[in-house]
Amino acid sequence: MSRAIDQIETRRKFLLMLSASPLLASPGLLAGSFSNLLGTGEVTEKKFLGWLDLLQQSDEVISSPDQALEVMDFEAAARKALPPAHFGYLATGVDDDGTVRANREGYSHIQIRARRLINVEDIDMSMSLFGAKWNTPIVLSPVSGQKAFHPEGEVAVARAARTKGHLMMLSTVATSSIEDAIAARGGHVWQQLYPTNVWDVTRAIVKRAEAAGSPAIVLTVDLQEGSNRETLFRAERVDKRECSACHQGAYTGDARGRGRGGSGGFAQYAARKPMFDGLDLSKVTAAHPANLSWDFVKRLRDTVTVKLLIKGIVTREDAQLAVEHGVDGLMVSNHGGRTEETLRATIESLPEVIEGVAGKVPVIVDGGVRRGTDIFKALALGASAVGIGRPHAWGLAAFGQPGVEAVLEILRRELKTIMRQAGTISVAGISRNYLVTRTP
């Protein structure tokens, strides 16, 4: 016990010494949190480490895309650029964000077996998906409301996708239309689908996307009403702006996750979402209804004339059912940890989904991807392509289109590097033989 007390006192003396540092000479978040820490009396291990984490976050933020060494550099830049509630929306998970962390940590449980004495002078990172060839397997996953992060929103992302040659998916609740995204991208934008609880609205969105030239519809099935997004709710509390300045209304829920306003609430929520323009929303009460079933998938399959994928499948059983219902592809996803607190990483769900489809349809995975090594591991486990969500949104928030391009360039460079280091010269040659899974 005396040893523990001595350790606490030692930490306290160390913090008191730091109080004389120029770093804490001026008032601000860091200095304020430091004062609060000392004022608590007992400097516990948790409080001490939490303050050090805040100290680490206070390091100088990059001021241009070319200064970034890794994609995580863009997170701090986005935090600096965005209002608290907007960054909170981008950062939030469910409950205490455990699944967000699990998505990231899942990759740390997988090691790479590197082969030697292989000529890796020429590396081919290309891959094919539904007959289209791409320079890399990196896909831009759908992220909603991107004009909340940058005035050009999804159009800037589409331009970056065009410049770098990447596939892009557009959210149903994007702040740019499918027509504008396809024009900026020059084609190859998949339409993500929140079906709503009204079939006529669902069908209208699908047919509009098909008419615009979208080659695929991606039905999202992993999001239910009322997810408890505590990080967002806390960020909203400290954001002193008048939200009506940029939002026509709120639909997604109050601090307890309950939907507001019935159909009127949804109409307000959809007012700035171009994919709902001109549609009768009077009977719509949910963007992602709770009564979705495989019968709905069958009805949608009979309606969609382009490729149909399901996003949010994480088990072998559902993967098998999806194939039986004629789905063309799957995305292993948990909405970046924003849907439920399962604490299961998507990279850990991927192998059983791959087993479930038995090679009959391609599988894409997203969630927690931050490094080229993560992409390599996902490909080795059988993914046809790998999606990124938050990283490209960070780049957009911080620097617009150049930020998105820089994020993509870093991941491409890192993927090429690990392919060389592991002794693989093509994406097609990356297999499970290059991996070892260790016990956490």
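All of these numbers come straight from a predicted model, not from anything done at the bench. Per chain, residues are indexed from 1 in the order of the written sequence. Since the coordinates come from a predicted model, pLDDT governs what is reported: local features require at least 70, and pairs of side-chain atoms require 80 or more to be given and counted, while whole-chain, interface and lining totals use all residues. Hydrogen atoms and water are omitted, and side-chain values are computed over all heavy atoms in the structure.

Draft legend 1. The overall build of the protein, seen in detail. Secondary structure elements are taken from DSSP: a helix is a run of H or I of four residues or more, a strand is a run of E of two residues or more, and numbering for both begins at the N terminus. Each helix and strand in the protein was counted, giving 17 helices and 12 strands. Whether two residues are in contact is decided by their heavy atoms: any pair within 4.5 Å suffices. The contacts of the protein with a sequence gap of at least 6 include a subset with a gap of at least 24, amounting to 71%. Note that accessible areas follow from Shrake-Rupley with a 1.4 Å probe, and for residues the cover is restricted to the protein chains shown. Carbon and sulfur atoms form 50% of the exposed surface of the protein, whose accessible area is close to 20,100 Å².

Draft legend 2. Structural view of the pairing of strand β8 (residues 307-311). Exposed residues in this analysis have more than 50% of their type's maximum accessible area, buried residues have under 20%, and partly exposed residues fall in between, with area computed by a 1.4 Å probe over protein chains only. Among the 5 residues of β8, 4 are classified as buried, and the element is accordingly described as predominantly covered. The handedness rule is simple: strands pointing away from the viewer, and a clockwise path from the first strand over the helix to the second, make the crossover right-handed. The handedness of the β8 to strand β9 (residues 329-332) crossover, carried by helix α13 (residues 316-324), is right-handed.

Draft legend 3. How the structure looks around the pattern of salt bridges. Salt-bridge detection follows one rule: a side-chain nitrogen of Lys or Arg within 4 Å of a carboxyl oxygen of Asp or Glu. Summed over all chains, the structure comprises 14 salt bridges. Put simply, Arg371 and Glu414 hold a salt bridge, and the shortest N to O gap is 2.7 Å. Pair noted here: Arg371 is in the loop between β10 (363-366) and α15 (372-380) and Glu414 is in helix α17 (residues 401-422), with a separation of 43 residues, a long-range link. When its relative accessible area of 31% is taken as the criterion, Arg371 is described as partly exposed. On the basis of relative accessible area, Glu414 is assigned to the buried category, the value being 12%. Between Arg412 and Glu409 there is a salt bridge, with the nearest N and O atoms lying 3.9 Å from each other. On the criterion of helical spacing, the pair formed by Arg412 and Glu409 is a turn pair, its members being 3 residues apart in helix α17. Take Arg412: its relative accessible area is 16%, and that puts it in the buried class. Classification of Glu409 as partly exposed rests on a relative accessible area of 34%.

Draft legend 4. Structural view of the sheet that holds strand β5 (residues 167-170). Paired strands, as defined in this entry, are two strands with at least two bridges between them according to DSSP. The strand order β4-β5-β6-β7-β8-β9-β10-β11 describes a closed barrel built from 8 strands, whose pairing is parallel. Neighbour to neighbour, the strand axes of the sheet diverge by 30° on average, direction disregarded. Relative to strand β7 (residues 216-220), strand β6 (residues 189-193) runs parallel, the two being bridged by 3 bridges. Bridge pairing in β7 links Gln192 to Val218. With respect to the sheet, helix α9 (residues 199-212) is in contact with β6 and β7, its orientation differing from that of β6 by roughly 175°. Against the sheet, α17 contacts β4 (138-140) and β11 (385-388), and its axis sits at roughly 160° relative to β4. Axis lines are fitted to C-alpha atoms, over the contacting stretch for helices. Their N-to-C directions set the angle, which ranges from 0 to 180 degrees.

Draft legend 5. Region of interest: helix α8 (residues 178-185). Every buried residue belonging to α8 is among Ile178, Ala181, Ile182, Ala184 and Arg185, and all of these are buried. End-on, the buried residues of α8 take up no more than an arc of 165°, which puts them together on one face. Contact partners of the buried residues in α8: β3 (132-134), α7 (153-164), β5, β6 and α9. At the exit of α8 stands Gly186, carrying a positive phi of roughly 80°. It is the directions from the helix axis to the C-beta atoms that the arc portrays.

Draft legend 6. View of the environment of Ile313. Position of Ile313 among the secondary structure elements: in the loop between β8 and α13. The exposure class assigned to Ile313 is buried, which follows from its relative accessible area of 4%. Those residues in contact with Ile313 that lie beyond four places of it in its chain are Val221, Asp318, Ala319, Leu330, Met331, Val332, Ser333 and Val353.

Draft legend 7. Representation of the packing of aromatic side chains within the structure. Only the six-membered ring of Trp is used, alongside the rings of Phe and Tyr, when aromatic pairs are assigned; centres must lie within 6.5 Å, and planes under 30 degrees apart are stacked while those over 60 apart are edge-to-face, with the rest tilted. Under the counting rule described, the total for this entry stands at 4 aromatic pairs. Pairing Phe130 with Trp190 gives two aromatic rings, centres 5.8 Å apart and planes at 40°, and the pair type is tilted. Pair noted here: Phe130 is in the loop between β2 (127-129) and β3 and Trp190 is in strand β6, with a separation of 60 residues, a long-range link. Judged by relative accessible area, Phe130 falls into the partly exposed class, the value being 30%. Plain terms: the ring middles of Phe376 and Tyr434 are 6.3 Å apart, the flat faces sit at 90° to each other, and that makes the pair edge-to-face.

Draft legend 8. Looking closely at the environment of Gln146. Of note, Gln146 is situated in the loop between β4 and α7. Separated by 30 residues in sequence, Gln146 and Ser176 have C-alpha atoms that sit 8.3 Å apart. Filtering out sequence-adjacent residues up to four positions away, Gln146 remains in contact with Gly153, Glu154, Val157, Thr175, His392 and Leu396. Among the polar contacts listed, one links the side chain of Gln146 to the backbone oxygen of Val143, at a separation of 3.0 Å. Definition of a polar contact: a pair of N or O atoms within 3.5 Å, with one able to donate and the other able to accept a hydrogen when the atoms are protein atoms, and with sequence-neighbouring residues admitted only if both atoms are side-chain atoms.

Draft legend 9. The arrangement of the nonpolar core in detail. Judged by nonpolar contacts, the single largest core of 117 residues is most densely connected at Phe74, Trp190, Leu300, Leu330 and Leu350. Counting residues per element, this core draws most heavily on α17, at 10 residues. Leave out the neighbours within four places in its chain, and Phe74 touches Ile62, Pro65, Ala68, Trp394, Gly395, Phe399, Gly403, Ala406, Val407 and Ile410. Residues belong to a common nonpolar core when they are buried Ala, Val, Leu, Ile, Met, Phe, Trp, Tyr or Cys residues joined through side-chain atoms within 4.5 Å.

Draft legend 10. Region of the structure containing helix α5 (residues 84-91). When α5 is considered as a whole, its buried residues turn out to be Ala85, His86, Phe87, Gly88 and Leu90. For α5, the secondary structure elements touched by its buried residues are α4 (73-81), α10 (230-238) and α16 (390-399).

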